[in-house]
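As a plain string of letters, each chain reads:
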Amino acid sequence: MYLVFLLLLFAAAPQAYAEPLFVAVPDHATTVDGGLSRGVAFGDVDGDGDPDLLVANTINYPEFLYRNDGERFVQVMETAPSLAGGFTEGVNWIDFDNDGDLDIFATRTNSPNALYRNDGDWSFVEVEAGDLTADRSTSSMACWADIDGDGWLDVFVVNRGGENDVLYRNHNGQLFERVADGIAGRAGGDGRACVLADLDGDSDPDLYVGNFVDSSTSPPTKQRNYLFFNQGGFEFDEKTQGEIVESRALTYGISAADANNDGHADLFVTNIGRGDRNQLYLGDGQGRFRLHDAGLRTPVDTPSKGHTWGDFDLDGDLDVAIANGTEGTEHIQNELYLNDGKANFTAVTDEAFVTDANISAGIARADIDMDGDLDLYVANWGDGDEDNRLYRNRSQGAWLKLTLAGATSNRMGVGARVAITIRQDGQTSRQTRWLTATTGYASQNEPVLHFGLGEATGIEELSVDWPSGRHDEFSDVAANQHLHLTEGDALDKQ
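All of these numbers come straight from a predicted model, not from anything done at the bench.

Moving on to the side chain of Asp 198. Topologically, Asp 198 is positioned in the loop between strand S16 (191-197) and strand S17 (206-211). Here Asp 198 occupies a buried position and makes no salt bridge, while the nearest side chain of opposite charge, Arg 417, is found at 6.5 Å. Separated by 3.4 Å, the side chain of Asp 198 and the backbone nitrogen of Asp 200 make a polar contact. Polar contacts involving the side chain of Asp 198 include one to the main-chain amide nitrogen of Gly 201, which spans 3.0 Å. What Asp 198 contacts, discounting residues up to four positions off in sequence, is Ser 203, Asp 204, Pro 205, Asp 206 and Ala 265.

Have a look at this one:
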């Protein structure tokens with residue numbers, strides 16, 4: 001395997017174009033690796049301002065770790081953690097010790113999960129962190145948030161095969177303690193995905209868990225998903241009624257996003273089972289959800305796993321890209337849906353992202369070339385050891401990016417809520433984003449908040465509600481900037 005793998009060639013500023021929105025980085029310009037890949041995570045590991053890349057691999061492949069040097073991605077091997085192979089499903093870039101850099105967490109099959117501390121200069125050290133790294137499990141994915149508001153990121157780990165999922169409390173970045181009874185009514189499931197986000201408007205993270213098979217029945221049947229509301233002190237109340245928890249499907253991916261621009265978190269669920277459709281549930285900000293027929297009309301027998309939300313066309317609302325495929329199926333196409341701003345979606349049908357056929361798993365987005373729009377990386381998992389795929393966004397429009405740094409809150413700012421108000425064509429509109437540490441299935445977007453602004457030249461108001469409870473406000477913010485905001489301080493341009 002070559003030491004250097006070129007994943008992209010950056011071009012000059014994009015020129016005017018019609019379609020397509022995304023273009024595949026051509027094989028003659030890049031080498032795209034395949035490792036029976038599952039999850040993918042973007043994050044600025046070395047603090048140079050651009051997102052680096054981590055890919056989880058299975059069946060004794062090592063993980064792929066890439067440094068973005070501004071012109072290409074370079075595979076890092078000598079100074080990277082010794083992820084020597086096995087079956088890794090999910091990966092996170094997370095600042096568990098609040099030192100300002102991104103560490104690695106990997107969820108694995110039939111072995112303890114692994115935590116690697118970032119010591120700078122692309123040097124990572126595997127650490128023992130109490131129960132979190134001692135428990136032997138078969139884990140699909142991990143979701144991170146500050147559950148108890150103490151300024152440290154805790155973690156919920158989703159397990160397969162009837163094993164109980166586990167919540168771990170972070171003790172000052174030194175060790176993680178298993179929380180024995182923090183989630184009322186929790187039974188062993190067959191988990192695949194989770195999201196921690198404020199689903200009832202009280203500013204603390206709630207939990208939604210996506211499950212697969214209920215093995216307690218004979219024969220096994222499709223499992224229902226779980227929804228828990230945070231009551232403080234690591235205590236949760238389970239919601240047991242309503243379609244969002246009573247519907248049974250083979251769920252593989254979950255995310256929270258404001259699909260209809262009403263300021264409330266909605267939930268999107270991707271399923272792989274025969275007869276299952278993907279489901280969008282609109283939230284009312286008080287913990288109630290209703291199923292919305294949004295035009296996300298994935299064919300009934302299309303198995304969907306990963307997905308990611310982003311304003312891909314920079315028009316001021318969130319679109320969604322879906323990664324499809326599972327073992328035992330023919331190579332199938334992924335999906336891209338554009339939003340009209342009211343959670344009504346139109347499928348894009350005629351570009352490489354949706355015509356390339358693979359068995360895909362995780363997907364994540366980041367601004368890899370720092371031009372203000374969101375690019376896509378898809379992890380493929382098939383018996384042919386398929387190459388993964390990178391797609392460059394060519395959209396035109398104004399934008400804003402925001403990197404957060406907590407002071408009293410956790411250093412990454414995970415759980416912060418950012419809202420902006422813009423004026424365009426005489427109309428005022430509002431957008432809301434939350435910084436979460438996961439997307440879809442086993443993956444993570446670049447932890448940078450991104451807003452498409454259309455033709456607006458600036459932002460009238462910008463507000464940040466931090467996990468600590470602090471509220472910061474700013475006005476007259478110019479468009480087309482990547483800003484850095486430390487809790488309680490002024491905005492700084494990166």
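So that's the structure; there's more coming.
On to the pattern of salt bridges, then. If you walk through the whole model with that rule in mind, you get 19 salt bridges. A salt bridge links Asp 135 to Arg 178; the nearest nitrogen and oxygen atoms lie 2.4 Å apart. Of the two residues, Asp 135 is situated in the loop between helix H1 (131-134) and strand S11 (136-137) and Arg 178 in strand S15 (residues 175-179); the sequence distance between them amounts to 43 residues. Owing to a relative accessible area of 15%, Asp 135 belongs among the buried residues under this scheme. Judged by its relative accessible area of 37%, Arg 178 falls in the partly exposed class. Across the salt bridge formed by Arg 392 and Asp 371, the nearest N and O atoms sit 4.0 Å from each other. Here the residue Arg 392 occupies a position in strand S34 (residues 389-393), and Asp 371 occupies one in the loop between strand S32 (360-366) and strand S33 (375-380), the gap between them amounting to 21 residues. Taken together, the shared-partner salt bridges connect Arg 38, Glu 89 and Arg 160 into one network.

Taken in spatial order, the four strands make up an open sheet running S12-S13-S14-S15, and their pairing is antiparallel. At either margin of the open sheet sits one strand with a lone partner, and together these are strand S12 (139-145) and S15. Pairwise comparison of adjacent strand axes, ignoring direction, gives a mean angle of 25° for this sheet. Pairing geometry for strand S13 (residues 154-159) and strand S14 (residues 166-171), over three bridges, is antiparallel. In the sheet register, Phe 156 faces S14, and the bridge partner there is Leu 167.

Attention now goes to the sheet that holds strand S20 (residues 226-232). Read from one edge to the other, the open sheet built from four strands follows the order S16-S17-S20-S21, with strand pairing classed as antiparallel. Edge positions in the sheet fall to S16 and strand S21 (235-239), since each has one partner strand and no second. For this sheet, the mean inter-axis angle between neighbouring strands, taken without regard to orientation, is 25°. One ladder, built from six bridges, connects S16 with S17; its direction is antiparallel. Paired with Ala 193 across the strands is Gly 210, a residue of S17.

Attention now moves to the state of the cysteines. Here the structure, examined in full by the defined rule, presents one disulfide. The partner cysteine of Cys 143 in its disulfide is Cys 194, sulfur to sulfur 2.1 Å. One disulfide, between Cys 143 and Cys 194, carries an S-S torsion of 110° and so falls in the right-handed class. Separated by 51 residues along the polypeptide, Cys 143 in strand S12 and Cys 194 in strand S16 bring together distant segments of the chain.

Calculation rules
- Residues numbered from 1 in each chain as written.
- Predicted model: local features only at pLDDT ≥ 70, side-chain atom pairs only at ≥ 80, totals over all residues.
- Heavy atoms only, no water.
- Helix = DSSP H or I, 4+ residues; strand = E, 2+ residues; numbered from the N terminus.
- Buried < 20%, exposed > 50% of the residue type's maximum accessible area, 1.4 Å probe, protein only.
- Lys, Arg positive; Asp, Glu negative; His and termini not counted.
- Salt bridge = Lys/Arg side-chain N within 4 Å of Asp/Glu carboxyl O.
- Polar contact = N/O pair within 3.5 Å; in protein donor to acceptor, adjacent residues only side chain to side chain.
- Contact = heavy atoms within 4.5 Å.
- Pairing = 2+ DSSP bridges.
- Axes fitted to C-alpha atoms, helices over the stretch in contact; angles between N-to-C directions.
- Disulfide = S-S within 2.5 Å.

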